[in-house]
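Here is how the chains run, residue by residue.
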Amino acid sequence: MALRIALASDHAGFEQKQQLSHWLSEQGYEVDDFGPHSEERVDYPDYAALVARGLAAGKADFGVLVCGTGIGMAIAANKVPGIRAANITTPEFAAIAREHNDANVIALSGRFVDLPTNKLIIKAFLETSFGGGRHADRVAKITASESKSAFFADRK
Ligand code: RB5
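Residues numbered from 1 in each chain as written. Predicted model: local features only at pLDDT ≥ 70, side-chain atom pairs only at ≥ 80, totals over all residues. Heavy atoms only, no water.

S.K.: Quick rundown of the site of the ligand? Include the residues and the values.
M.R.: Taken together, Asp10, His11, Ala12, Tyr44, Cys67, Gly68, Thr69, Ile71, Gly72 and Arg111 make up the full set of residues adjacent to the ligand. Within the side chain of Asp10, an N or O atom sits 2.6 Å from an oxygen atom of the ligand. One of the backbone nitrogen or oxygen atoms of Gly68 is found 2.7 Å away from an oxygen atom of the ligand. Protein contacts shield 75% of the accessible area of the ligand, which totals 300 Å² for the unbound molecule. (Near = heavy atom within 4 Å. Polar contact = N/O pair within 3.5 Å; in protein donor to acceptor, adjacent residues only side chain to side chain. Areas by Shrake-Rupley, 256 points an atom, 1.4 Å probe, with all protein chains shown as cover.)

S.K.: Describe the environment of Ala77, with residues and values.
M.R.: Structurally, Ala77 is set in helix 3 (residues 71-77). Note: C-alpha distance between Ala77 and Pro45 (32 residues apart in sequence) is 7.6 Å. Not counting the four nearest positions on each side in its chain, Ala77 is found in contact with Ala48, Ala52, Leu65, Ile83 and Ala85. (Helix = DSSP H or I, 4+ residues; strand = E, 2+ residues; numbered from the N terminus. Contact = heavy atoms within 4.5 Å.)

S.K.: For the packing of helix 1 (residues 14-26) against helix 5 (residues 115-127), give the residues involved together with the corresponding values.
M.R.: Close contact between helix 1 and helix 5 brings their axes to 11 Å; oriented N to C, the two are set at 50°. Here helix 5 runs oblique to helix 1, going by the angle between their axes. When the axes of helix 1 and helix 5 are compared, the crossing they make is right-handed. Contact with helix 1, carried on its side by Gln16, Gln19, Leu20, Trp23 and Leu24, involves Leu115, Asn118, Lys119, Ile122, Lys123 and Leu126 of helix 5 and no other residues of that element. (Axes fitted to C-alpha atoms, helices over the stretch in contact; angles between N-to-C directions. Parallel < 35°, antiparallel > 145°, perpendicular 65-115°, else oblique. Left-handed = near helix turned anticlockwise from the far one by under 90°.)

S.K.: Kindly report on the packing of aromatic side chains, identifying the contributing residues and their values.
M.R.: Applying the stated criterion across every chain yields a total of one aromatic pair. Between Phe62 and Phe125, the ring centres sit 5.7 Å apart and the planes meet at 75°, which makes this aromatic pair edge-to-face. Of the two residues, Phe62 is situated in strand 3 (residues 62-67) and Phe125 in helix 5; the sequence distance between them amounts to 63 residues. Cation over ring: Arg98 sits above Phe125, and NZ or CZ is 6.0 Å from the ring centre. (Phe/Tyr/Trp six-rings, centres within 6.5 Å; stacked < 30°, edge-to-face > 60°. Lys NZ or Arg CZ within 6 Å of the ring centre and 35° of its normal.)

S.K.: Can you explain the environment of Tyr47? Please cite residues and give values.
M.R.: Tracing the chain through its elements places Tyr47 in helix 2 (residues 44-56). For Tyr47 and Glu30, which are 17 residues apart along the polypeptide, the C-alpha to C-alpha distance reads 19 Å. Those residues in contact with Tyr47, other than ones at most four positions away along the chain, are Ala8, Ser9, Phe34, Gly35, Pro36, Val42, Leu65 and Met73.

S.K.: Summarise the nonpolar core; cite the residues concerned and give the values.
M.R.: Counting residues in hydrophobic clusters, the biggest one holds 23 residues, and the most contacted among them are Ile106, Leu108, Ile122 and Leu126. For this core, the secondary-structure elements that each account for two or more residues are strand 1 (4-9), helix 1, strand 3, helix 4 (91-99), strand 5 (105-109) and helix 5. Not counting the four nearest positions on each side in its chain, Leu126 is found in contact with Ile5, Leu24, Tyr29 and Phe62. Counting 20 residues, the second largest nonpolar core, distinct from the first, contains Tyr47, Met73, Ala74 and Ala77. (Core = buried A, V, L, I, M, F, W, Y, C linked by side-chain atoms within 4.5 Å. Buried < 20%, exposed > 50% of the residue type's maximum accessible area, 1.4 Å probe, protein only.)

In structure tokens, the structure reads:
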């Protein structure tokens, strides 16, 4: 079965998001485009949340986000429990984000990284498996810290 990719951007990532959506479909992935659907100015946290919540709910296998730098998208997506979003600018880091960190969302720069490079980054990301072993123990600590944070956030 085809991997399901949840995709979104803000206005700064819109042009590349459109191209990437088309390209991912051509590559055989099932693409769910969470928008925006025009070049209007939008706030990246709104679109990061759509993808992150969809992914956390099991509606996709991986998320791809594009804003000006990828930084804001990654920060926002990482607020959703279960999301491990990595802001990536090289194919090498994309592979390591999967192998070591089991990243499930990739946040890309539409302003500072060109489309061919972002395609190589996504390809490396989607084609690299999590390494497990010692990496799994470390990722489990990140997951455990999500519930600890929730515990302390509840206490005034
Ligand atoms: C929008 O101007 C810009 O701030 C946004 O795309 C992104 O780079 C934020 O991290």
